[in-house]
Amino acid sequence: MLGAVSVGKETPVSFDIVIRGGRWFDGTGAPSAIRNIGIRDGHVAAISAEPLDEAGCSQVIDAAGKWVLPGLLDIHTHYDVEILLSPALSESVRHGVTTVLVGSCSLSTIHVDGPDAGDLFGRVEAIPRQYVVDTIDAHKTWSSCADYIASLEKLPLGPNVTAFIGHSDMRAATMGLDRATRADARPTAAEQARMEQMLDEALQAGFVGMSSQQLLFDKMDGDVCRSRTLPSTYAKPRELRRLKAKLRRAGRILQAGPDVKNPFDVVSQLAQSLGIFRRPLKTTLLAAADVKSNRLAIPAMVKASRMLSRLGADFRWQHLPVPFEVYADGIDLVIFEEFGAGAEALHLRESLERDALMRDESYRRRFRKDYANKYGPRVWHRDFFDAEIVACPDASVVGKSFGQVGIDRGGVHPVDAFLDLVLEHGTALRWHTTISNHRPDVLKELAAEPGIQMGFSDAGAHLRNMAFYNMGLRLLRHVLDAQQAGQPFLSVEQAVHRLTGELADWYRIDAGHLRIGDRADIVVIDPAHLDDTLDAYAEESFAAYGGMSRMVNRNDETVTAVLVSGRAVVLDGQPTSVLGTQRTGSFLRADTRTPAPGAQAAQASAPGAQAAT
């Protein structure tokens, strides 16, 4: 009988927690079944079709009519700063995420100091720079990857954590941020050797690999290097080859963002994953998105991943499996970095200087020219008719597009209508648009594509711009709706696998499965509440960043319970007293089985229980 265990009568079996009568998914894609799950010492001790002995059990969770899944993985976050201040990471955990991956996009906090971290994270990830500086200066006690892991595990971690080491982090710490962001500077032989040593240390400590970035519209914050691109974008082929060779030999992963405006760079990034006369380089690239500005991008990406797979590459695109809807306060939005006039405004931090620029007619002409340029790779569709105002002191414009406001104002150009409103209301003008993943049928195709990974939430960054903490729940809703409509594109079991076991296995970490002996990282979901409420967002004050209001999701009725290492951290949609006060999560080292905090690893089966065939 599938996944069942029989419990012997001769040996009493007690459990810390029993999850009773839920539909159990093991994370492998195998058929689901109604099962009772017993948890002991942070691990799954029993999975049974028959009732478990609940005597002495401190907690029973009734999961009748609900789904019991392995905890979800979020493979692309920027929690590197937030985790030091608020290690519960409750916004992700309360939506069923029990493992997060930090160190994305070449950015990590292993080697840089506070000011350099502020310059690296502040603008590109839209995290207020001073909070980054203050946090790193106040909390950094580590000087190596091993020390970093030890420091994290002294915190009351909510979810499990795993990490890339950031190429920009290593480059800035080795060369100095100024030299690391100059096109005419190269690392000396000693500096190159030091970066390679840093990468070796990261891989030995258990990091899953290295993240790099070649995308040129990610800009630096601060004074000295403001508006330069990230340090990794200045690396030449020799530097990259030597670092990638380390990853190849170790069988670890390169995460990268290619320069989409440079076809050679994109092709090079794809080709590097091939193992012709050498070991393939496990590679994941950012990002597979059905962008409104280029309908041909997705077919090309899918064909590329299929071709590479046939040639023996171990390659994946990262993909956000929901519409990529972004919000902005005034002009503060990263999409403006991709063209000259937008980056010119964001270069200016002082509102008076920025306002003077936006009033200047020559600047407006440049902006209108960039806006009209629909050719070449780009993320934003550059259509102010496809951008809705959601809040403004002038109530007459709320619910309208900037294009419509221009029409109402006597035929004003959409760019001028936008800039006029920004000048009138500043950040009190709030608006949104969907830049990609807007076609449900294409999302279905991508969700079933083997060369594409479910991820790219950017949790911990862009706090006023987007909230995808619940992306896994939204994919499950999409799958369930299609199934109920008689037009399935994935089974629920396959979707769970894509969000859990598939990712854990590819990154080679101890997560993503719900079988006898596995860590008890579990989410209980009520499928009756996989509904339209998942599309809404809320705002909540975030004390760790001075009380700033950030976008969040609130799906308390959808997530019945979340367990990390066998501890209930969310019940009835609400964080428990355990979350953020006691350590439940661990640092998950690549290729290593990880015991639950404070407990010995469980045996493959419980005492008095044996797996049925």
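- An unreviewed UniProt entry lists the protein under the name Amidohydrolase 3 domain-containing protein, from Mycolicibacter engbaekii.

## A look at the domain arrangement of the protein
Next up, step 1: Taken domain by domain, the protein consists of domain 1 (71-323 + 437-509) and domain 2 (326-433).
Next up, step 2: Taking the mean C-alpha position of each, domain 1 and domain 2 sit 29 Å from one another.
Next up, step 3: Between domain 1 and domain 2, the residue contacts involve 18 residues of the former and 21 residues of the latter.
Next up, step 4: Summed over both partners, the interface of domain 1 with domain 2 buries about 1700 Å², with 45% contributed by carbon and sulfur atoms.
Next up, step 5: The interface formed by domain 1 and domain 2 contains four salt bridges.
Next up, step 6: At the surface where domain 1 touches domain 2, the tally comes to eleven residue pairs in polar contact (both at pLDDT 80 or more).
Next up, step 7: Of the residues assigned to the side of domain 1 that touches domain 2, the class counts are five nonpolar, five polar and eight charged.

## Notes on helix H8 (residues 189-205)
Next up, step 1: Under the 1.5 Å per step criterion, the end-to-end length of H8 is 24 Å for 17 residues, consistent within 8% with the ideal 24 Å.
Next up, step 2: Along H8, the positions that sit buried rather than exposed are Glu191, Gln192, Met195, Glu196, Met198, Leu199, Ala202, Leu203 and Ala205.
Next up, step 3: Tucked into the core, H8 has its buried residues touching helix H5 (145-152), strand S9 (160-166), helix H6 (167-175), helix H7 (177-180), strand S10 (209-211) and helix H9 (237-250).
Next up, step 4: Following H8 by one or two positions, Gly206 adopts a phi angle in the positive range, close to 115°.

## Observations concerning the sheet that holds strand S16 (residues 430-436)
Next up, step 1: Taken together, three strands build an open sheet; the order of strands is S14-S16-S15 and the sheet is antiparallel. Looking along the sheet, the strands with just one partner apiece sit at the ends: strand S14 (324-329) and strand S15 (388-391). Neighbour-to-neighbour, the strand axes of this sheet turn through a mean angle of 35°, independent of strand direction.

## Thoughts on the nonpolar core
Next up, step 1: With 103 residues, the main nonpolar core has Trp67, Leu69, Leu152, Ile165, Phe207 and Leu476 as its most contacted residues.
Next up, step 2: Once residues within four sequence positions are removed from consideration, Leu476 is found in contact with Trp67, Leu69, Ala495, Val496, Leu499, Ile525 and Leu530.
Next up, step 3: Membership of the second largest hydrophobic core comes to 44 residues, among which are Ala341, Leu346, Leu348 and Phe384.

Rules used in this analysis
Residues numbered from 1 in each chain as written. Predicted model: local features only at pLDDT ≥ 70, side-chain atom pairs only at ≥ 80, totals over all residues. Heavy atoms only, no water. Domains from an automatic or database assignment. Contact = heavy atoms within 4.5 Å. Buried area = accessible area lost by both parts, 1.4 Å probe. Salt bridge = Lys/Arg side-chain N within 4 Å of Asp/Glu carboxyl O. Polar contact = N/O pair within 3.5 Å; in protein donor to acceptor, adjacent residues only side chain to side chain. Nonpolar A, V, L, I, M, F, W, Y, C, P; charged D, E, K, R; others polar. Helix = DSSP H or I, 4+ residues; strand = E, 2+ residues; numbered from the N terminus. Expected span 1.5 Å × (residues − 1). Buried < 20%, exposed > 50% of the residue type's maximum accessible area, 1.4 Å probe, protein only. Pairing = 2+ DSSP bridges. Axes fitted to C-alpha atoms, helices over the stretch in contact; angles between N-to-C directions. Core = buried A, V, L, I, M, F, W, Y, C linked by side-chain atoms within 4.5 Å.

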